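# Structure at a glance
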Amino acid sequence: MSRVGQFVINNQVLSCINKEACWTISNITAGNKGEIQMEFKRLTTEVAEGSLQMSSDEMFVEVFGLEHHGRVRGYGDDVRPTELSGSSPSTIHDLLVQLKEFEERRKENDANLLRQLKESEERSKENDANLQRKLKESEEHCKESDANI
């Protein structure tokens, strides 16, 4: 069930279905914010009352329309996704560098873990050999004790 939430964006308290919707409402240059908020409120009320079956994503599309490929909502007419921070080539390069560093650290960690595992196996084999030797000595000692009785 969807419900209206309140979010503070640009020093305004907005009632909408999610933060993305509030952000879009706060950045609209054309249209009436009040009408948009009223439409969201109407839809969420109808969903809450059970008279309408609609997800919050469907409500968003109902009020703002479908997404357009290569466009970004709420940033004006000429903004493309690649122009936003987080999508720039330098940011992608930085992420690739971070990924490569992470993979190198992971390989080092894997090598250390493998070395530790081999050392642990060797210690285990030594312990097994010592236990076998002590068991054999104990059995021989018991045989000698039995022979002396």
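Quick look at the structure, then. (Residues numbered from 1 in each chain as written. Predicted model: local features only at pLDDT ≥ 70, side-chain atom pairs only at ≥ 80, totals over all residues. Heavy atoms only, no water.)

### Details of the overall build of the chain
- Of regular secondary structure, the chain possesses 4 helices and 2 strands.
- Going from the N terminus to the C terminus, the chain shows its helices and strands as β-β-α-α-α-α.
- Going through the 149 residues of the chain one by one, you find that 17% of them count as buried.
- Pairs at least 24 residues apart make up 28% of the contacts formed inside the chain by residues separated by at least 6 positions.
- Surface accessibility of the chain: about 11,900 Å² in total, with carbon and sulfur atoms responsible for 51%. (Helix = DSSP H or I, 4+ residues; strand = E, 2+ residues; numbered from the N terminus. Buried < 20%, exposed > 50% of the residue type's maximum accessible area, 1.4 Å probe, protein only. Contact = heavy atoms within 4.5 Å. Areas by Shrake-Rupley, 256 points an atom, 1.4 Å probe, with all protein chains shown as cover.)

### Brief notes about a nonpolar patch on the surface
- A contiguous nonpolar patch, built from I92, L96, L99 and F102 and spanning about 390 Å² of accessible area, is present on the exposed surface.
- Relative to the assigned elements, I92 resides in helix α4 (residues 89-148). (Patch = residues over 30% accessible without salt bridge, like charges linked within 9 Å, V, L, I, M, F, W, Y side chains within 5 Å. Salt bridge = Lys/Arg side-chain N within 4 Å of Asp/Glu carboxyl O.)

### What to know about the nonpolar core
- The biggest cluster of nonpolar side chains holds 8 residues, and these are I36, F40, L43, V47, M54, M59, F60 and F64.
- Tallying contributions element by element places helix α2 (residues 33-49) first for this core, with 4 residues. (Core = buried A, V, L, I, M, F, W, Y, C linked by side-chain atoms within 4.5 Å.)

### A look at helix α3 (residues 56-64)
- Among the residues making up α3, those that are buried are M59, F60 and F64. Along the axis of α3, the buried residues cluster in a sector spanning 110°; they form a single face.
- G65, located one to two residues past α3, shows a positive phi value of around 90°. (Arc of directions from axis to C-beta.)

### A short note on the pattern of salt bridges
- If you walk through the whole model with that rule in mind, you get 5 salt bridges.
- With its nearest N and O atoms 3.2 Å apart, the salt bridge here joins E137 to R133. Separated by 4 residues within a single helix, E137 and R133 lie in helix α4, roughly one turn from each other.
- Residue R133 is classed as partly exposed on the basis of its relative accessible area, which comes to 42%.
- Each of the salt bridges in this network shares a partner with another, and the network as a whole consists of E39, R42 and E46.

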